[in-house]
Amino acid sequence: MNVLRFFARRLFHSVFVFLGILTLLFFLFRLMPGDPTQLFISPEMAADAIQEIREAFGLDRPLYMQYLLYVVNVCRGNFGISYYFFEPANRVVFEHLRNTLVLTITAMCLSYLIGVVGGTVLAWKRGTRLELGGMVSALILRSAPVFWVGLIFLYIFAFKLHIFPGGSITETGEFYGGFLEMVCSWEFLHHLVLPVISMCCYFMGLPLLLTRSSILEVIKEDYVEMARAKGIGARRVMFRHVTRTAILPVVTAFATAIAYAFEGSVLIEMVFSWPGIGRLMVMSLLGNDYPVAQFAFMILAAMMILMNLLADFLYGYLDPRVVVQ
Amino acid sequence: MEEDERGTVQTAERRTTALRLMLRHPLAKVGFVVVIVFTIMAVFAPLIAPYHPEEIISDSSGTWLSYQKPSSAFWLGTTDMGRCIFSQIIYGSRTAFMVGLLAALMVMVIGTVVGLVSGYFGSWIDQIIMRFVDFVYGIPFLPFAMVLVTVIGGSRWNVIIAISALLWRETCRVVRSQVLSLKERPFVEVARSAGAGNLRIIFVHLAPNIYPISLLYGVFAVGWAILTEAGLSFLGFGDPASCSWGKMLQEAYLSQALSVGAWWWIFPPGIAIVLIVMSTYFISQGIEEVVNPRLRER
C-alpha cells in the first residue's frame, strides 16, 4: 500500500516536471534570435501551407493563446513541418530516435557488464597493484572527453588500419527491407563497433567504481564470513554471495546512466556521423530547423524524466526503507 | 576578542592539517602538481607561447607552413592554416581555467545556498525547492546548454552560464541531505536558544560544516564544466573568438585532419583535457579522505 502510494506520488511529480519542461521549451524557442513566426514557417513553403500552420499554432494571436495551442498541439503530436526534410517533425525525430536507442542501449549494456565484472575483480584484489592500476585507469577514462576518444579510435582503426568504417550507419547505396533487417545485418554491426567502444570507455567507469565500493561494504557482512567458513571457494563466494547483494546500487544507477548516455550520445553521433537524435538536434539547431530541434529536445527530456522515474521505482522496490520516508 | 583570536588560530590550524591530510594521498599530490603546471601555463601564456594562437606562420617565400610535423621549431607541429599547435594549447588553458573555475564557483554558491535554505526550513519551502530541483533534473544537460547558447549567443560567459544553470542540482541535493541531519544536532538548538536568528544559524553555524562537502562537489564541477565546454565547442556552440581545446578538436575534425594523418593535431588537445580533468578527480579523492575519515582506516 505504502509502495503504491510512493509510486503514484512520483508519477504525479513526473507529469508536472514534464509540463514544466514544455513551458520552458516554449519560452526558450520564442527567445530564439529572429522572428517568432520563423519557428514554424520556412519561406519555401506554399502560401496555403503557411496559412494552415499559422492557424494551427495561433501565430497571429496573443502569447497566452499561443501557449495553450502549443500544449494542445503537443498532446496531438503536432510539432510542425521540418524545413529540411519537409516532413512532420515527429516522424523525422522518431526515425532518428531508434538509431540512438540501438547505439546507447548496446553501449550501456556492455559498459555495465565490463564495469560490474571489473569492479568485482578490483575489490577482490584490494590493496594490490592491480587495484591501483584499475582505479587510476578508470579515473583517466572518465576524464577523457568521449568525442576525443571517438576521434582517436577513428584515426587508428578507420584511417590507419582500415579495419572499421569511418562513420555513418551503413554503406551508402545499401537498402534494407526494414529497420530490424538493417540492425541485424553484418554491415550495421560493423559500423556499430567503434561508436559503442568509444562510449564504453567513458561509461564503464561509474559501474566499476560503484561495484567496487559497494562490494567493499558487503564483504564485511557476517554471512560472507559464514559462507567462507563453510568452505566455499573464494571465487564462488565472490560472485554468488557478495556481488549479488552489492549489485543493488549499480542496478539503480543503470537507469539514470541510460538517460545520461542518451543525451551524451550527441557527441559520439557527431564524430561517427551516426544518424541519431543527438546529431539531428545539433544539425537542426545550427540549421535553424526549429520544429525538429524543439521536438528532439522534448523527446530527450521525456527520456530523462522516464529514466529518473524508473530509477526511483527500482530504488523503492529494492530498498523499501526509501518508501517509508 | 581573545576568544575570537583563538578561534581563528584553531581554524587556521585545522585547515593546514586538512591540506596535509589531503596531500598525503599520493593521487592528490599528482593532481596538485598538474594543476600548478597548468596554472603557470594559463597565467603566463603570452610569455610561454612562441606564437599568437591565431597567427598564420609562413616561410620566407610567403607560403603557409601548414601540416608541419612536430619538430624543434614547432614542438607540436602546425595546423592546416599554419598555426602553431603548442601555442594554441597554452592559450587554451586560459579558457579551460576560466570556464572550470567560474562555473564551479557558481555551482558551489547556488547549490550550497539553495540546499542550506531547503534543508534548514523544511516543510513547504523544502517541498517547493525540491520539486524545482526535480524539474531541473528532468532537463537534458548538453542539449539544454546547446539551446541556451543558441538563444543568448556563444560568448565564453554565456557558456559558463549555460553550464552552471543545471550543474548546481547535484550539489544542492547533497547539501540538503547533510543539513537535514546536521540541524538535529544540539549545537543548532544551543544557538537558537542563545537568540540566533534563522539566517545566522544557516550561514554562521551550519554553513561551515557544509563547506567540505560542497568543496568536493565544486571540484567535481570543475571537471564537468571543462568537459562540457570542450563538448560544446566541438559541436560548434562555443565562443568563436576564444581559443579552447574543444575548438581545436572541432577545427581538426572539420578540416579532415584524420584523413591527412595529422595525429599531432588530434592528440595534444585531448591529452590536455584528460590531464586537467583527471587531476580534479585525483584532488577530489584527497578531499574525500578529509571529509570521510572512515576511508583513512581502510
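Residues numbered from 1 in each chain as written. Chains lettered and ligands numbered in written order. Predicted model: local features only at pLDDT ≥ 70, side-chain atom pairs only at ≥ 80, totals over all residues.

**Student:** If you had to explain the confidence of the model for chain B to someone new, which residues and values would you point to?
**Tutor:** All names here are of chain B. Taken over all residues, the pLDDT of chain B has a mean of 85, while the share at 70 or more is 92%. Of all secondary-structure elements in chain B, the lowest mean pLDDT belongs to helix α13 (residues 294–297), at 54, while helix α4 (residues 85–121) reaches the highest, 92. Note that pLDDT drops below 50 for residues 1–9; the model gives that stretch zero contacts with residues more than four away or on any other chain. This complex was scored by the predictor with a pTM of 0.88 and an ipTM of 0.86. (pLDDT = per-residue confidence, 0-100. Helix = DSSP H or I, 4+ residues; strand = E, 2+ residues; numbered from the N terminus. Contact = placed C-beta atoms within 7 Å.)

**Student:** Now, about the interface of chain A and chain B: what can you tell me, with residues and values included?
**Tutor:** Taken together, the contacts link 36 residues of chain A with 34 residues of chain B. Elements supplying a minimum of two residues to the side of chain A that touches chain B: α1 (2–30), α5 (129–143), α6 (146–160), α12 (248–271), α13 (277–286) and α14 (290–318) of chain A. The element contributing the most residues to the side of chain A that touches chain B is α6 of chain A, with seven residues. For the side of chain A that touches chain B, the per-class residue count stands at 29 nonpolar, five polar and two charged. (Nonpolar A, V, L, I, M, F, W, Y, C, P; charged D, E, K, R; others polar.)

**Student:** Tell me what's going on with helix α10 (residues 222–229) of chain A, and back it up with residues and numbers.
**Tutor:** Along an α-helix, residues three or four positions apart point the same way, because every turn accommodates 3.6 residues. Counting buried residues in α10 of chain A gives zero out of eight residues, a small share hidden from the surface. Looking one or two residues past α10 of chain A, Gly-231 of chain A carries a phi angle of roughly 90°, positive in sign. (Buried ≥ 20, exposed ≤ 12 C-beta atoms within 10 Å, placed from the backbone.)

**Student:** Before we move on, could you go through the environment of Leu-314 of chain A and cite the residues and values that matter?
**Tutor:** Residues and elements named next belong to chain A. Its location among the elements puts Leu-314 in helix α14. For Leu-314, a count of 17 C-beta atoms within 10 Å gives the class partly exposed. Here the alpha-carbon distance between Leu-314 and Val-237, two residues 77 residues apart in the chain, equals 26 Å. When neighbours within four sequence positions are excluded, Leu-314 is seen to be in contact with Val-251, Thr-252 and Ala-255.

**Student:** Describe the packing of helix α2 (residues 26–43) of chain B against α4 of chain B, listing the residues and the values that go with them.
**Tutor:** Residue and element names in this part refer to chain B. As a packed pair, α2 and α4 sit with axes 8 Å apart at the nearest point and diverge in direction by 105°. Here α2 is positioned roughly perpendicular relative to α4, judged by the angle of their axes. Along the contact surface, α2 presents Phe-38, Met-41 and Ala-42, while α4 presents Ile-90, Ser-93, Arg-94 and Phe-97. Here the contact of α2 with α4 is composed, by residue class, of five nonpolar, one polar and one charged. (Axes fitted to C-alpha atoms, helices over the stretch in contact; angles between N-to-C directions. Parallel < 35°, antiparallel > 145°, perpendicular 65-115°, else oblique.)

**Student:** Report on unusual backbone geometry, specifying residues and quantitative values.
**Tutor:** Look at His-162 of chain A: it is not a glycine, yet its phi comes out positive at around 55°. Topologically, His-162 of chain A is positioned in the loop between α6 and α7 (179–183). Positive phi outside glycine occurs at Ser-123 of chain B, with the angle close to 40°. Summarising the element assignment, Ser-123 of chain B is placed in helix α5 (residues 123–137). On the basis of neighbour counts, which here come to 7 C-beta atoms within 10 Å, the residue Ser-123 of chain B falls in the exposed class.

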